[in-house]
Amino acid sequence: STLMAAKAGKLALKRRYERAASIAPFYTGGPLTVSRDGSRLACKCAGEVKLLDAATGAIVATIAADAEDITALALSPNGQELVTAGRDMMVKTWDVQTQKKIRSWKSGHGNSFVQQLAYDETGTLVAGGCSDAMVRVWDAGRGFATHSLSGHNALITSLAFGPTPRSDPNKLILYSGADDGEVRVWALASKTCKGVLKGHDSAVTTLALHHETQTLVTGGRDRVVGVWDLDTMCIVNSLPIYDVIEGLAIMEAAAGAADDDAALEKVKKRKKGKGVQGGAGAEQQARGNMQRADLEVVTAGANGQLKRWLVGSGKCVVSEPERAGTVGYMALLHAVARPDVAQEALLVAVTIEHTLLFFHANTLEIQKQMVGYNDEVVDVAFACTEPAILAVCTNSDHLRLFDTTSQSCRLLYGHTNIILAVDCHCSLGLVATSSKDRLVRIWHVETGACVGLGEGHVDAVGAIAWGQRSGGVCASGSNDQSIKIWNTSKLAERAKRGVFGSGKEEVAEVAVVRGWKAHDKDINSIALSPNEAMVVSGSQDRTVKLWQVETGALTMTCKGHKRGVWCVKFSPVDKVVASASADASVKLWGIADGACLKTFQGHEGSVLKVVFVSSGMQLLTSGSDGLLKLWTIKTCECVDSFDHHEDKVWALAAAPGDDSIVATGGGDGLVNLWSDTTGQLEDEARVDSEERLALEQELSNALRAKDVRKAALLALRLQHPARLLLVIKDVLMGIDAEAVLKDVAAALDLQQLAQSLEYLRDWNTTGRNGAAAQALLQAILLTWPAHQLEKVPEMKTLVDALLPYTQRHLQRLEDSLQRSYMLDFTLHAMQSSLGGDDGDSGDLEGHADSGHLIADMLPWSIDAPSSRSTAPVHDDGA
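So, how was this worked out
- Residues numbered from 1 in each chain as written.
- Predicted model: local features only at pLDDT ≥ 70, side-chain atom pairs only at ≥ 80, totals over all residues.
- Heavy atoms only, no water.
- Helix = DSSP H or I, 4+ residues; strand = E, 2+ residues; numbered from the N terminus.
- Buried < 20%, exposed > 50% of the residue type's maximum accessible area, 1.4 Å probe, protein only.
- Contact = heavy atoms within 4.5 Å.
- Areas by Shrake-Rupley, 256 points an atom, 1.4 Å probe, with all protein chains shown as cover.
- 1 Å grid on protein atoms, 1.4 Å probe; cavity = no way out; pocket = protein on both sides within 12 Å on 5 of 7 lines; lining within 4 Å.
- Points joined across faces, edges and corners; volume = space filled by probe spheres on them.
- Nonpolar A, V, L, I, M, F, W, Y, C, P; charged D, E, K, R; others polar.
- Pairing = 2+ DSSP bridges.
- Axes fitted to C-alpha atoms, helices over the stretch in contact; angles between N-to-C directions.
- Core = buried A, V, L, I, M, F, W, Y, C linked by side-chain atoms within 4.5 Å.
- Polar contact = N/O pair within 3.5 Å; in protein donor to acceptor, adjacent residues only side chain to side chain.
- Parallel < 35°, antiparallel > 145°, perpendicular 65-115°, else oblique.
- Left-handed = near helix turned anticlockwise from the far one by under 90°.
- Salt bridge = Lys/Arg side-chain N within 4 Å of Asp/Glu carboxyl O.
- pLDDT = per-residue confidence, 0-100.

To continue, consider the overall build of the protein chain. A tally of helices and strands in the protein chain yields 13 helices and 57 strands. For the protein chain, with 878 residues in total, the buried portion stands at 50%. A separation of at least 24 residues holds for 48% of the contacts in the protein chain among residues at least 6 apart in sequence. A total accessible area of about 40600 Å² is found for the protein chain, and carbon and sulfur atoms account for 50% of it.

As enumerated under the stated definition, the model contains two cavities of 30 Å³ or more in all. When contributions to the lining of the largest cavity are tallied by element, the ones reaching two or more residues are strand E28 (355-359) and strand E33 (409-413). Residues that form the lining of the largest cavity fall into these classes: four nonpolar, four polar and two charged. Taken as a whole, the second largest cavity holds about 30 Å³ of empty space. Every residue along the wall of the second largest cavity is listed here: Val708, Ala712, Leu724, Val727, Ile728, Leu741, Val744 and Leu776. Among the secondary structure elements, those contributing two or more residues to the lining of the second largest cavity are helix H6 (708-717), helix H7 (721-733) and helix H8 (737-746). Broken down by element, the residue count for the lining of the second largest cavity peaks at three residues, all from H7. Its residues placed into classes, the lining of the second largest cavity shows eight nonpolar, no polar and no charged.

Before going further, it helps to examine the environment of Gly86. Here Gly86 is to be found in strand E7 (residues 81-86). For Gly86, a relative accessible area of 2% puts it in the buried group.

The strand order E30-E31-E32-E33 describes an open sheet built from four strands, whose pairing is antiparallel. Across the chains shown, the open sheet's two edge strands, defined by having one partner strand only, are strand E30 (377-385) and E33. Averaged over neighbouring strand pairs, the angle between their axes works out to 25 degrees when direction is ignored. The pairing of E30 with strand E31 (residues 388-394) spans seven bridges and is antiparallel. Bridging from a neighbouring strand, Ala381 pairs with Ala391 of E31.

By size, the foremost hydrophobic cluster in this structure holds 31 residues, and its most contacted members are Leu724, Leu753, Leu757, Leu760, Trp763 and Ile780. Elements with a contribution of two residues or more to this core: H6, H7, H8, helix H9 (750-763), helix H10 (767-783) and helix H12 (795-834). Sorting elements by how many residues they give to this core places H10 first, with seven residues. Apart from the residues lying within four places of it in its own chain, the contact partners of Leu760 are Ala773, Leu776, Leu777, Ile780 and Leu802.

Glancing now at the pairing of strand E57 (residues 671-676). Taken together, the six bridges between strand E1 (residues 17-23) and E57 define a ladder with antiparallel strand orientation. The residue bridging Ala21 from the neighbouring strand is Leu673, located in E57. Judged from the five bridges that link them, strand E56 (residues 658-665) and E57 form a sheet pairing that is antiparallel. Looking across to E57, one finds that Gly665 is bridged to Val671. Where E56 folds back onto E57 in an antiparallel hairpin, the turn is made up of five residues, including Gly669, whose phi is positive at roughly 75 degrees.

With that settled, the discussion passes to the sheet that holds strand E21 (residues 234-240). For sheets, the rule is that strands pair by backbone hydrogen bonds, running either parallel or antiparallel. In spatial order, the strands read E18-E19-E20-E21; together these four strands make up an open sheet with antiparallel pairing. The two strands at the open ends of the sheet, each matched to only one other strand, are strand E18 (204-210) and E21. Between one strand and the next, the sheet's axes are offset by a mean angle of 20 degrees, whatever the strand orientation. In the sheet, strand E20 (residues 224-229) pairs with E21 via six bridges, with the strands oriented antiparallel. Across the sheet, residue Val227 finds its bridge partner in E21, namely Asn237.

Turning our eyes to something else, we now look at the side chain of Glu296. Residue position: Glu296 is located in strand E23 (residues 295-301). Here Arg308 takes part through its side chain, which lies 2.3 Å from a polar atom of the side chain of Glu296. In this view, Glu296 contacts Ala249, Ile250, Met251, Ala253, Arg308, Trp309, Leu310, Val311 and Val317; residues no more than four positions away in its chain are not counted.

For the rest of this paragraph, the subject is the packing of H9 against H12. Relative orientation of the contacting elements H9 and H12 amounts to 25 degrees, with a least axis distance of 9 Å. It follows that H9 is roughly parallel to H12 by the angle criterion. Of the two possible hands of crossing, H9 and H12 adopt the one that is left-handed. On the side of H9, the interface is formed by Leu757, Glu758, Leu760 and Arg761, while H12 contributes Met795, Leu798, Ala801 and Leu802.

Structurally, the position occupied by Thr213 is in the loop between E18 and strand E19 (215-220). At 2.9 Å, the side chain of Thr213 forms a polar contact with the side chain of His210. Within polar-contact distance, the side chain of Thr213 engages the side chain of Thr215 at 2.8 Å. If sequence neighbours within four positions are ignored, Thr213 has contacts with Gln291, Arg292 and Leu295.

What follows covers unusual backbone geometry. Following Glu386, the chain continues into Pro387 via a peptide bond in cis, with omega recorded as -5 degrees. Relative to the helices and strands, Pro387 is located in the loop between E30 and E31. A positive phi is found at His354, a non-glycine position, where the angle reads about 65 degrees. Checked against the element boundaries, His354 lands in the loop between strand E27 (346-351) and E28.

Packing of helix H5 (residues 678-704) against H6 brings their axes to within 9 Å, and their N-to-C directions diverge by 155 degrees. The angle between H5 and H6 places the two elements in the roughly antiparallel class. Two packed elements cross with a definite hand, and for H5 against H6 that hand is left-handed. Residue-level contacts link Glu691, Leu695, Glu698, Leu699, Ala702 and Leu703 of H5 to Lys710, Ala711, Leu714, Ala715 and Arg717 of H6. Here the contact of H5 with H6 is composed, by residue class, of seven nonpolar, no polar and four charged.

By the definition in use, this model includes 23 salt bridges. In this structure, Arg40 engages Asp53 in a salt bridge whose closest nitrogen and oxygen atoms are separated by 3.6 Å. One end of the pair, Arg40, is in strand E3 (residues 40-45); the other, Asp53, is in strand E4 (residues 48-53), and 13 residues separate them in sequence. A residue is classified by how much of its surface remains accessible, and Arg40, at 32% relative accessible area, is partly exposed. Linking Arg709 and Asp743 is a salt bridge whose minimum nitrogen-to-oxygen distance equals 3.6 Å. Highlighted residues: Arg709 in helix H6 and Asp743 in helix H8, separated in sequence by 34 residues. Here Arg709 falls in the partly exposed class, since its relative accessible area comes to 40%.

This prediction gives the protein chain a mean pLDDT of 85; 88% of its residues lie at or above 70. Between residues 255-290, whose pLDDT stays under 50, and residues either more than four places distant or in other chains, the model counts 16 contacts. Counting interchain partners and residues more than four positions distant, the pLDDT-below-50 stretch residues 857-878 has 37 contacts.

Consecutive residues of a regular strand have side chains that alternate between opposite faces of the sheet. Counted residue by residue, E20 has six buried out of six residues, so it is predominantly covered. Burial of the side chains of E20 extends over both faces: Val224, Gly226 and Trp228 are buried on one face and Val225, Val227 and Asp229 on the other. Counted between consecutive antiparallel strands, the loop separating E19 from E20 contains three residues, among which Arg223 sits at a positive phi close to 70 degrees.

The structure is reproduced here in structure tokens:
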């Protein structure tokens with residue numbers, strides 16, 4: 001059927017895959033920040049800073065911060081500049097649009113480096129908390145220090161600018177928290193410490209200001225939130241949080257007016273009879289307290305649960321819903337809501353596993369998750385195609401489901417050790433995983449719940465395969481050298497009926513139908529045939545074995561690989577099996593007799609994965625050399641290689657029913673989505689062919705019309721050096737050749753000039769084409785100034801190649817010229833011996849000039865053998 005379809009033209013071989021999207025690492029731990037409008041996130045990623053679109057999760061820019069280790073960063077209020085600091089003891093500002101460095105300056109004295117950075121709300125000043133316990137302030141626009149504030153006796157752990165006073169911008173206040181629990185208030189106008197707030201017993205990790213109520217909220221690792229009145233510099237309330245606080249954000253309560261009125265009435269009654277003045281003062285104080293009491297604080301800490309607290313009463317009003325796999329938070333980012341520009345509040349919690357959780361500010365429900373770093377991608381499979389959802393296994397105990405359109409990720413917890421393999425049944429919406437914890441788990445994609453659990457292996461389970469026809473059978477291979485067949489028919493039936501998702505799912509036990517010892521070493525890969533009647537396994541014992549699913553009987557053993565087998569796959573249409581091995585080869589085996597039908601070699605290292613595409617007529621392979629290769633089975637030829645990974649490509653999967661979409665994952669933590677662009681390539685080739693035909697016709701017309709300039713330019717555009725050579729030779733046969741060639745040289749652009757010089761280099765190597773090459777070279781040297789010729793790529797290499805052959809041509813012509821004078825002498829001698837008279841001297845003079853015809857072959861004049869200095873190319877290579 002495949003052959004008939006191919007003959008009918010319904011099947012076409014693929015020629016090219018291009019990367020359509022990627023899930024790249026953007027945060028590897030350390031400092032990160034959010035823009036004031038909440039649209040951008042700046043995250044440290046190794047030695048770089050990645051700028052993300054908060055809505056889509058796409059990386060919009062990468063800034064190479066060229067620091068040994070980035071210790072702090074901050075975005076300007078308008079989001080146009082980024083400031084970074086590192087252990088190289090430098091502070092640098094960057095243009096976000098161009099990703100170029102604007103300026104840099106030294107962070108302090110000696111080995112001091114900056115650990116905290118903050119902009120003021122105008123973006124003109126940058127404050128830094130340094131490792132020498134100093135607080136320094138710099139002019140961000142000009143890069144010089146404006147303040148150096150001393151007073152802390154411990155490391156600076158938090159910084160925040162107060163609002164810029166509109167009446168007097170110079171009266172700016174800076175707040176700094178230290179590792180010893182102190183918070184200092186700095187008046188920048190007088191360069192003095194305005195106050196010291198002592199209310200914490202441990203490091204103050206976060207500061208938040210509310211300007212309208214003159215409130216400062218501090219959070220520390222002593223599990224306490226302090227609420228401070230900035231007018232009196234006194235603590236108003238101390239909230240026991242029972243969590244090590246790593247971040248907090250101030251929120252305004254949605255409703256609190258009723259409580260305010262009740263508190264005001266209580267104060268009025270308590271102050272009744274004490275005089276109007278006292279009552280009015282108390283009423284004003286009560287109103288101020290009530291405004292502050294309206295505030296709420298969201299805290300994030302080591303317990304891994306966001307909580308929202310009333311500042312006035314210290315009551316927890318909202319808690320983050322419990323979820324599986326809770327890990328501690330290390331930071332909380334907050335962008336304030338702005339109704340005037342329809343901006344919602346942004347609340348992002350950062351976990352110690354480099355995951356960013358986007359929360360609804362009021363309900364604290366998770367809206368989106370983004371994983372900053374995948375570590376090493378071990379396996380990948382398509383859990384759903386519309387939209388494209390990838391199930392990704394990394395060096396972790398949780399499964400990651402990536403939505404490739406929004407970069408959002410769901411984490412499925414259940415395994416207690418690293419997940420080694422994954423396979424999916426898209427139509428059922430189920431995913432099977434195997435792990436080092438010796439378990440097989442079945443997951444429901446939509447709900448993220450574990451609905452099935454298989455126990456029976458006694459060692460790590462490194463391979464899993466799901467039957468795609470019915471979904472009622474699963475096979476697994478383990479390091480205990482055994483294969484087990486699992487009955488998943490009940491789960492498949494429940495998925496078809498839509499039972500999953502109706503309520504709290506119970507984990508059903510998946511029964512083992514049969515199991516047997518299959519290999520002498522670890523089993524690396526396993527696959528089920530399209531009809532679910534056979535199973536194939538590949539092992540470190542270098543063999544590929546085929547088994548009957550019903551009986552577990554061994555059907556065939558395929559031997560031929562010199563090293564362990566990493567992957568095995570059944571062809572979707574033919575009775576063959578493909579195997580990928582650490583011996584850098586891929587082999588096709590016949591199911592009937594176990595014979596090796598074909599061998600594909602081309603990878604420079606181990607071949608780690610193989611899949612069939614194009615209805616079984618082609619193969620895609622990935623290897624330890626970081627390459628993805630496309631092969632045609634019939635010819636055993638590598639059609640193309642694709643390189644977008646920097647490490648081993650462990651994972652490779654084609655979308656079910658649509659192998660035009662392929663996903664890969666590697667040791668570089670990168671997940672790439674590839675799209676088949678063969679149709680686009682053919683369209684481009686067709687358009688290019690039509691364009692070339694039109695240009696060929698124009699070239700022919702130009703040659704017939706003797707339009708040398710147009711013909712030469714068209715020959716260059718068509719990349720026809722032979723046609724260009726013929727044009728130049730025709731010019732040399734005509735009159736005024738030098739002027740015509742100068743006109744051609746003047747019409748060249750820099751790219752065409754480089755192309756012409758490359759053609760000259762090749763022509764100049766033969767004596768037959770040397771004259772044409774030298775003529776065009778002379779025209780170029782006379783037309784183009786030296787400073788323009790220097791811009792030609794690889795100009796020195798071209799000159800080095802032209803020089804020796806040019807000198808050889810000159811020497812040959814000089815020798816010919818010398819021999820021509822011997823001819824003149826011989827003719828004169830013959831005339832004398834024949835007794836000629838003076839009347840015949842005119843004829844001999846014509847013969848005497850015949851030797852000089854040799855010199856006319858040069859584009860410059862040669863009067864004598866000593867006239868080498870007149871040539872445009874000299875021995876010194878000028």
